[in-house]
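Topology and contacts: notes
This is what each chain is made of:
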Amino acid sequence: MTNPFALLVGWLLDLFVGDPARLPHPIVWFGKAIAFGEHCLNKGSHRKLKGALLAIFLIVGVFVLTWCLRWLLSSIGLATAWPLPDLMVVLLDAIIIFYCLAGTTLIREVRAVFLALDRSLDEGRAQVARIVGRDTSELSAQEVRTAALETLAENLSDGVIAPLFWLLLLGTPGMLAYKMVNTLDSMIGYKTERYRAFGCIAAHIDDVANYIPARLTALLMVLASGRLSLLKFVWRNGRNHASPNSGYPEAALAGILDCRFGGPHYYFGELFEKPYIGEHERELTTADMKTAVRINRTAEILMLALVLVYSYVYGL
């Protein structure tokens, strides 16, 4: 069970600092490990099997290494008879939580997209390319705003709610293992010629890991809006997505903003036809971005409160 103090410290660090650009980041290490494995294994025959073995090895490896490190620090604290023998574990957990949460950085990036777009379309395209996987070179201003807000909704689940969900279930080893799952999917979980077989299992693991968090995210967003009537809209439109999960938080935001997301996009030079989410196609504005940010923050705080209460009650 994660100490509530560690959770609060980690969350506050993310709130006020965001991703530490000048410090070593475990997600960068994850990316390097995935890229190395993909380079060595994504060739020849049995690519699906090799991709599956790589994904399982990395996910289980991260969980076991984190668990062992926590156990070692706890053992050192007990052996030295510290007044607070678990202090080092609490500090480690706080650092892991800080690294695994991405709420503040995500909001900063989305705000930066809208500010860049106010200066020029080219700047807006360049800025949104930092946070989306699609080809942005031909996007219109409306499509740039849409892409940014879709990402804001989807990554509220991937970057905040899902990590906290797995923290609640499996502690910081589970939280960090989830980030490996998410990083694998973001790097090799595509239906392109190169990754279709090799990244297939990684993508399915990500689908399973995000099944409950994505729907929980949508529920929290609706609660944050105070419009429970939107639940029917979310249920109806959340399935209008190639992903079994991403459509639900996007549908929640589309309903809150009364707009339309989705449609065809280019990824790695290939056109992917995506269903539309919502019916009302209208021009998005900076005011919509501010509403979306407020909804994100409120949903995040609701989830934080849930995990804090659980950690406090069951940690007694």
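Scope of this entry: the structure provided in the associated data block.

As a further point, take helix α9 (residues 230-237). Note that an α-helix has 3.6 residues per turn; residues three or four places apart therefore point the same way. Looking at α9, one finds that the buried residues are L230, F233, V234 and N237. Along the axis of α9, the buried positions cluster into a sector of 100 degrees, meaning they face one direction only. In α9, the exposed residues that point more than 90 degrees away from the buried face are K232 and W235. Of the surrounding secondary structure, the elements contacted by the buried residues of α9 are α8 (200-225), α10 (247-257) and β4 (276-277).

Enumeration over the complete set of coordinates arrives at nine salt bridges. Close ionic contact of R125 with D122 constitutes a salt bridge, the shortest N to O distance being 3.5 Å. Taken as a pair, R125 and D122 lie in helix α6 (residues 121-128) at a separation of three residues, close to a single helical turn. A relative accessible area of 17% places R125 in the buried class. In this structure D122 comes out as exposed when scored by relative accessible area, which is 56%. For E283, the salt bridge identified is with R145, shortest N-O distance 3.4 Å. Of this pair, E283 sits in the loop between β4 and α11 (286-315) while R145 is found in helix α7 (residues 141-188), placing the two residues 138 residues apart along the sequence. Under the relative-accessibility criterion, E283 is labelled partly exposed at 48%.

Core analysis: the largest hydrophobic core is formed by 81 residues, its most contacted members being V110, V128, L149, L164, L184 and M221. Counting residues per element, this core draws most heavily on α7, at 22 residues. For L149, the contacting residues outside a window of four places in its chain are V110, F114, L253, L257, F261, L284, D288, M289 and A292.

Here we take up the packing of α7 against α10. The N-to-C vectors of α7 and α10 enclose an angle of 130 degrees; their axes lie 8 Å apart at closest approach. Taken together, α7 and α10 sit at an angle that is classed as oblique. Judged by the sense of rotation from one axis to the other, the crossing of α7 with α10 is right-handed. Contacts between α7 and α10 involve L149, E150, A153, E154 and S157 from the former and P249, E250, L253 and L257 from the latter. Grouping the amino acids of the contact of α7 with α10 by side-chain chemistry returns five nonpolar, one polar and three charged.

Once that is clear, we can look at the packing of aromatic side chains. A complete count under the given rule lists four aromatic pairs for this structure. With centroids separated by 5.5 Å and ring planes inclined at 35 degrees, the aromatic side chains of F98 and Y99 adopt a geometry described as tilted. We classify F98 as buried; its relative accessible area is 8%. Ring geometry for Y190 against Y195: centres 6.4 Å apart, planes inclined by 45 degrees, an arrangement best described as tilted. A relative accessible area of 22% means that Y190 is categorised as partly exposed. Residue classification places Y195 among the buried residues on the basis of a relative accessible area of 12%. Stacked on the ring of Y211, the Lys or Arg R215 has its end atom at 3.7 Å from the ring centre. Sitting above the plane of the Y276 ring, R260 keeps its charged end 3.7 Å from the centroid.

About the thresholds
- Residues numbered from 1 in each chain as written.
- Predicted model: local features only at pLDDT ≥ 70, side-chain atom pairs only at ≥ 80, totals over all residues.
- Heavy atoms only, no water.
- Buried < 20%, exposed > 50% of the residue type's maximum accessible area, 1.4 Å probe, protein only.
- Helix = DSSP H or I, 4+ residues; strand = E, 2+ residues; numbered from the N terminus.
- Arc of directions from axis to C-beta.
- Contact = heavy atoms within 4.5 Å.
- Salt bridge = Lys/Arg side-chain N within 4 Å of Asp/Glu carboxyl O.
- Core = buried A, V, L, I, M, F, W, Y, C linked by side-chain atoms within 4.5 Å.
- Axes fitted to C-alpha atoms, helices over the stretch in contact; angles between N-to-C directions.
- Parallel < 35°, antiparallel > 145°, perpendicular 65-115°, else oblique.
- Left-handed = near helix turned anticlockwise from the far one by under 90°.
- Nonpolar A, V, L, I, M, F, W, Y, C, P; charged D, E, K, R; others polar.
- Phe/Tyr/Trp six-rings, centres within 6.5 Å; stacked < 30°, edge-to-face > 60°.
- Lys NZ or Arg CZ within 6 Å of the ring centre and 35° of its normal.

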